[in-house]
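# Chain and residue survey
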Amino acid sequence: MWSRRSLVKPRINRAKPAQRMAGFRLVILNDKLQHKKFHLNMKNFFALLLAGTGVYLPEDLPKPPGSIPVFPAPGDLALAGGVDWVIPKVPSNPDNAVILSMVLGQQTLRLICTTTAVQRKNVGASGPEKYTEAFIKKQIEEFNLGKRHLANMMGEDPETFTQEDIDRAIAYLFPSGLFDKQARPLMKHPTEVFPEQRKIQWGEDGRPFHFLFYTGKQSYYSLMHETYEKFLNVQKHQDQLTAQDLPLEKEKRNLAGSRWLTKIELEEMLLEQVSDDDYSRFIQLLQKLVALPCADIEEKYIQKFSKELPVQLQKVVIEPLQHDERGVAFSTGEGKRKTARATAVVYDNGTGKITVNGIDILHYFPVLQDREQLLFPFQFLGRIGKHDMVCTVSGGGRSAQAGAIRLASAKALRSFVTEKEVEFMRQAGLLTVDPRVKERKKPGQEGARRKFTWKKR
Amino acid sequence: MLRSLKGLVCHSLKPDRGRALPRAGLGSVSSQDVPAEKPRAIFHTSESDPARHSEQHEGRLYSIPLEELRAVFPHGLPHRFQQQIQTFNEARVMVRRPALEILACLKGSNFAHPAVRYVIYGERGTGKTMTLCHVVHYCSRQGWLVLHVPDAHLWVKNCKELFQSSYNKDRLDQPLQASVWLKNFKTSNERFLEEIKTQKKYIWGRRESTEEGRPLREVVEQGLARARSASDAVGVLLRELKQQSQRGSFRLLVAVDGVNALWGRSTLSKEDKSPVSPGELTLVHNLRKMLTNDWTGGAIVTTLSQTGSLFKPSSAYTPQELLGKEGFDALDPFVPIPVPNYSPREFESCYGYYLERRWLQHEKARTEDGKAELRFLSGSNPRQLDRLAGPL
């Protein structure tokens, strides 16, 4: 089950000892890549390997520039160990296979690859500052370069290659069967990958850079100072205006659609721990600032700490009635329940006849319970004999199909009915999709909930 | 609590009944005899003679007196209907269009011509058997000799005893079924059995025989006394009746319910486990001969039934599907009579009857909404309505 959809088969390096590189594992891709565009491009970009008895590295593989960094998927067995680089093809070799060099994260390349691009330190073992600034910068450069090369590979324009395109390309190149999306191979901007961290706060002589370093919470206190400075600024401006007898501008800032940063967001911003008291003091100060009449001057500063609340969900649009060629008004609705999908067309001026997949409901649903489910929306609105209905349904079992048709007919009836009644229907639960589906069976149990029989011995 | 109503429900005005009837119980008698009988609702009719039923009675219910019921229908009424008769203490049959059609045809038919065959068909639970019973009631009122086979399916399945026929080595006898049927036949047609005489001598065994000119009653009794020869007795009876009806002294009605059993398959098997086709059974063989239209002076009314049929899909209801090629050819030509679900008027009538008899106890059942709900859920199918009304 691990080899599902994976084109990549890891193989043990059986190369001649002279050529074997410690710490390498080479992987040969099947030359069954069908995607034409990719293939043509890959011809330009990938080094060749004969899929023979052994695996060997061609001599002319000094790591060519334009290798694309790909961040590894730690759990993905298809790329056991993680793929780091997709190496562009050396033009002289005409074959069609592809090499992906897999580098175990811990070990560095030696000898063959001379470019610094491939070097990776064991980042986890270094001190409080995990990644140096220079390292991050390097990663960013490599990312950008790799992005361009990936664009070239996929035949797209490097200038307009967005993150979504990158994601799609990586998903294509490294198909993974893992369920967790975060465990799959990804290629993102290093700022998203490496968490932001505090740089080293003191220089070589041991002297801290920030004057508030010895308070312990330098960012927090500097923030408070800054905010209070803005506060005093605004007060000064206010005094000036009153001195000049000018009217104080009083534009009410709309606080309804926004909220302050949460404590966690503030911590992320300041990159240090903030206690609850400190947080509340900060928010109080901000509120005092906003309460001043002339706070618009510092609007930009305040906006850094406020966030828009999500827009209210749009109301569901009810479609108007349509008329068919006879002039009869009708309306359609769709519904689903478990695996059943149904569409219903409800006609006006009817006699209460209902047809499902061309069969009368008395024959399609011999069980009373299903017919009661179909009856429910009409009975609720008091329109039992007034509408005709033609439905199609597929999937599911008898109960699921009945539930799906019920939802579809309720949705279709919305067009015939006033808004108040639609609200009543919604409260009655006629318009809600039933979210219950079959629960998954877990390993070590007989069913979803049922455990195996417990034996004392 | 006995609950039943299959298909048609019969109503009729009973002058001595008051309006407020107590809730149905076994043999309940109205304790309050309100002398002024308000006219029973429109859905009743006082016409209890089927001969006088016409379109104006369509959708209404008429009743059969209980004594007459025992005489005319020793067997043949659907089981649920029998339960309902016991519950309501009256037998009410609804007059419906298919029955009226057959009655009109029977009234107008010329009995010098070969017997006309009528095949009543329809979906499940629409009232085919009740239509047949209505016709049987009419014919018995008219003084016909009624040969009523309540369910031909009973003869081709679940037969415990099968014996090789002494008359014909290839065929098989069914003593139990034959004797049961003979008993019922005797109850329904007592006087005819006295009048009609045999025309041939029949030898039943080494010591038993029936002389020529003896009343048919003796044949029947012979069959009842000796189970082994019951099937042959039935055969003899059928033969005699067929021959003598042509003379015109009496009219013969052959009423068979579930006629598709005669040409289908059977679940019986011989001792060597080979399957038995219905043609190998004596009873079936004789009945088939009866159903051919080579005799005059009567009529043949049959019903198709999927419910008891063997090896037929539940969606099959047309004569083609249920009879199969063999049966269709055997019965061809026939007059097909389709029986549909309740029309709105008939539905109202049935619903009104239930209400009146306090069968529907639920308070919501009395409202218009309740009626609409019942109509929707039952799909105006008589059987469904009956089953729905049961728990309410």
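Residues numbered from 1 in each chain as written. Chains lettered and ligands numbered in written order. Predicted model: local features only at pLDDT ≥ 70, side-chain atom pairs only at ≥ 80, totals over all residues. Heavy atoms only, no water.

## Some thoughts on the packing of helix 5 (residues 218–243) of chain A against helix 7 (residues 276–291) of chain A
All names here are of chain A. It is the contact of helix 5 with helix 7, at a shortest axis distance of 10 Å, that shows an interaxial angle of 15°. With respect to helix 7, the axis of helix 5 lies roughly parallel. Between helix 5 and helix 7 lies a crossing of left-handed hand. Contacts between helix 5 and helix 7 pair Tyr220, Leu223, Met224, Thr227, Tyr228, Lys230, Phe231 and Val234 from the former with Asp278, Arg281, Phe282, Leu285, Leu286, Lys288 and Leu289 from the latter. Of the residues in the contact of helix 5 with helix 7, the class split is ten nonpolar, one polar and four charged. (Axes fitted to C-alpha atoms, helices over the stretch in contact; angles between N-to-C directions. Helix = DSSP H or I, 4+ residues; strand = E, 2+ residues; numbered from the N terminus. Parallel < 35°, antiparallel > 145°, perpendicular 65-115°, else oblique. Left-handed = near helix turned anticlockwise from the far one by under 90°. Contact = heavy atoms within 4.5 Å. Nonpolar A, V, L, I, M, F, W, Y, C, P; charged D, E, K, R; others polar.)

## A closer look at the interface of chain B and chain A
With eleven residues of chain B at the contact, the number on the chain A side is twelve residues. With both sides pooled, the region where chain B packs onto chain A buries about 940 Å², and carbon together with sulfur makes up 70% of that total. Three residues, Glu373, Phe376 and Leu377 of chain B, lead the burial of chain B against chain A; their summed loss comes to 63% of the area buried on that side. On the surface where chain B and chain A come into contact, there are four residue pairs in polar contact (both at pLDDT 80 or more). Partitioned by chemical class, the residues of the side of chain B that touches chain A number four nonpolar, four polar and three charged. (Buried area = accessible area lost by both parts, 1.4 Å probe. Polar contact = N/O pair within 3.5 Å; in protein donor to acceptor, adjacent residues only side chain to side chain.)

## Section: the sheet that holds strand 10 (residues 340–347) of chain A
All names here are of chain A. Taken together, the six strands give an open sheet; going across it, the order is 8-9-10-13-11-12, and neighbouring strands pair in mixed fashion. Pairing within the sheet leaves two strands with one partner each, and these edge strands are strand 8 (322–323) and strand 12 (359–360). Where strand 10 and strand 13 (residues 388–394) come together, seven bridges link them in antiparallel fashion. The partner of Ala344 across the bridge, within strand 13, is Cys391. (Pairing = 2+ DSSP bridges.)

## Digging into the layout of surface pockets
Leftover empty space is mapped by rolling, across the atoms, a probe with the size of a water molecule. In this structure, the largest pocket occupies an estimated 600 Å³ of space. If you go around the largest pocket, you meet 24 residues; those closest to its centre are Thr351, Gly352 and Lys353 of chain A together with Arg375 and Ser380 of chain B. Those elements that provide at least two residues to the lining of the largest pocket are helix 9 (361–364) of chain A together with helix 12 (368–378) of chain B. At six residues, helix 12 of chain B tops the list of elements feeding residues into the lining of the largest pocket. The residue makeup of the lining of the largest pocket, split by class, is seven nonpolar, eight polar and nine charged. (1 Å grid on protein atoms, 1.4 Å probe; cavity = no way out; pocket = protein on both sides within 12 Å on 5 of 7 lines; lining within 4 Å. Points joined across faces, edges and corners; volume = space filled by probe spheres on them.)

## A short note on the confidence of the model for chain A
Residue and element names in this part refer to chain A. Per-residue confidence for chain A averages 77 on the pLDDT scale, and 69% of its residues sit at or above 70. The low-confidence segment residues 45–64, where pLDDT is below 50, has 71 contacts with residues more than four positions distant or belonging to other chains. Note on residues 72–84: pLDDT is under 50 here. Beyond four places in sequence and across chains, it has 38 contacts. (pLDDT = per-residue confidence, 0-100.)

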